[in-house]
Amino acid sequence: MARQIITVLTDDIDGSTADRTIEFGLDGVAYTIDLSEENIAKLRQTLEPYVTVATRVSRAGVRRGAPAPAQSAPTRTSRAQNQAIRDWAAQNGYELSDRGRIPANIVTAYNNR
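Residues numbered from 1 in each chain as written. Predicted model: local features only at pLDDT ≥ 70, side-chain atom pairs only at ≥ 80, totals over all residues. Heavy atoms only, no water.

Caption draft 1: Region of interest: the pattern of salt bridges. The tally for this structure, following the rule as stated, stands at 2 salt bridges. The shortest N-O distance in the salt bridge between Lys42 and Glu38 comes to 3.6 Å. Here Lys42 pairs with Glu38, and both are found in helix H1 (residues 37-51), just 4 residues apart, close to one helical turn. Among the residues examined, Glu38 registers a relative accessible area of 54% and is labelled exposed. (Salt bridge = Lys/Arg side-chain N within 4 Å of Asp/Glu carboxyl O. Helix = DSSP H or I, 4+ residues; strand = E, 2+ residues; numbered from the N terminus. Buried < 20%, exposed > 50% of the residue type's maximum accessible area, 1.4 Å probe, protein only.)

Caption draft 2: Just the packing of aromatic side chains, in detail. All told, the structure shown has 3 aromatic pairs when counted by the stated rule. Between Trp88 and Tyr110, the aromatic rings sit 5.8 Å apart at their centres with planes inclined by 75 degrees, giving edge-to-face as the arrangement. Of this pair, Trp88 sits in helix H2 (residues 79-91) while Tyr110 sits in helix H3 (residues 104-111); the two residues are 22 residues apart in sequence, bridging distant segments of the chain. Comparing Trp88 with Tyr110, the two get one shared label, buried. In this structure an aromatic cluster arises from ring pairing among Trp88, Tyr94 and Tyr110. Between the NZ or CZ atom of Arg113 and the centre of the ring of Tyr110, over which it lies, the distance is 3.9 Å. (Phe/Tyr/Trp six-rings, centres within 6.5 Å; stacked < 30°, edge-to-face > 60°. Lys NZ or Arg CZ within 6 Å of the ring centre and 35° of its normal.)

Caption draft 3: Spatial organisation of unusual backbone geometry. For Asp27, which is not glycine, the phi torsion reads 55 degrees and is therefore positive. Its place among the elements puts Asp27 in the loop between strand S1 (20-26) and strand S2 (29-35).

Caption draft 4: How the structure looks around the pairing of S1. By the bridge criterion, 7 bridges tie S1 to S2 in an arrangement that is antiparallel. The partner of Ile22 across the bridge, within S2, is Ile33. What sits between S1 and S2 in their antiparallel hairpin is a turn of 2 residues, with Asp27 showing a positive phi close to 55 degrees. (Pairing = 2+ DSSP bridges.)

Caption draft 5: Representation of H3 within the structure. Among the residues making up H3, those that are buried are Ile106, Ala109 and Tyr110. Buried residues in H3, looked at end-on, bunch into an arc of 100 degrees, giving them a common side. Opposite its buried face, H3 presents the exposed residues Ala104, Asn105 and Asn111, each directed more than 90 degrees away. Elements that come into contact with the buried residues of H3 comprise H2. (Arc of directions from axis to C-beta. Contact = heavy atoms within 4.5 Å.)

Caption draft 6: Looking closely at the nonpolar core. Counting residues in hydrophobic clusters, the biggest one holds 7 residues: Ile85, Trp88, Ala89, Ile102, Ile106, Ala109 and Tyr110. When residues of this core are traced back to their parent elements, those giving at least two are H2 and H3. When near neighbours in sequence (up to four residues on either side) are disregarded, Ile106 contacts Ile85, Trp88, Ala89, Tyr94, Glu95 and Leu96. (Core = buried A, V, L, I, M, F, W, Y, C linked by side-chain atoms within 4.5 Å.)

This is how it looks when you write it as structure tokens:
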């Protein structure tokens, strides 16, 4: 069965058809907004006096969205468990070294078997 998924962007300002999604940041928070070309031009014009005198920061220096919730430390597996995962991975076509960290996707596949 063929499936076609169509994504329609709606301008978040005026409800018209949006042309694309714009990303921007302020106070360490990243935002996205769907805008038409007309509203993109208005946003750029409004920000231009600030952008021209601002210092550009690389993407690596920009925090994306809200801070991540605190997570518990990952559960450590025993040597026996690691060996069982390595054996299962080898039998199921995964390429994995005999030593080192087991990639998360392999551990997930093992747990979901």
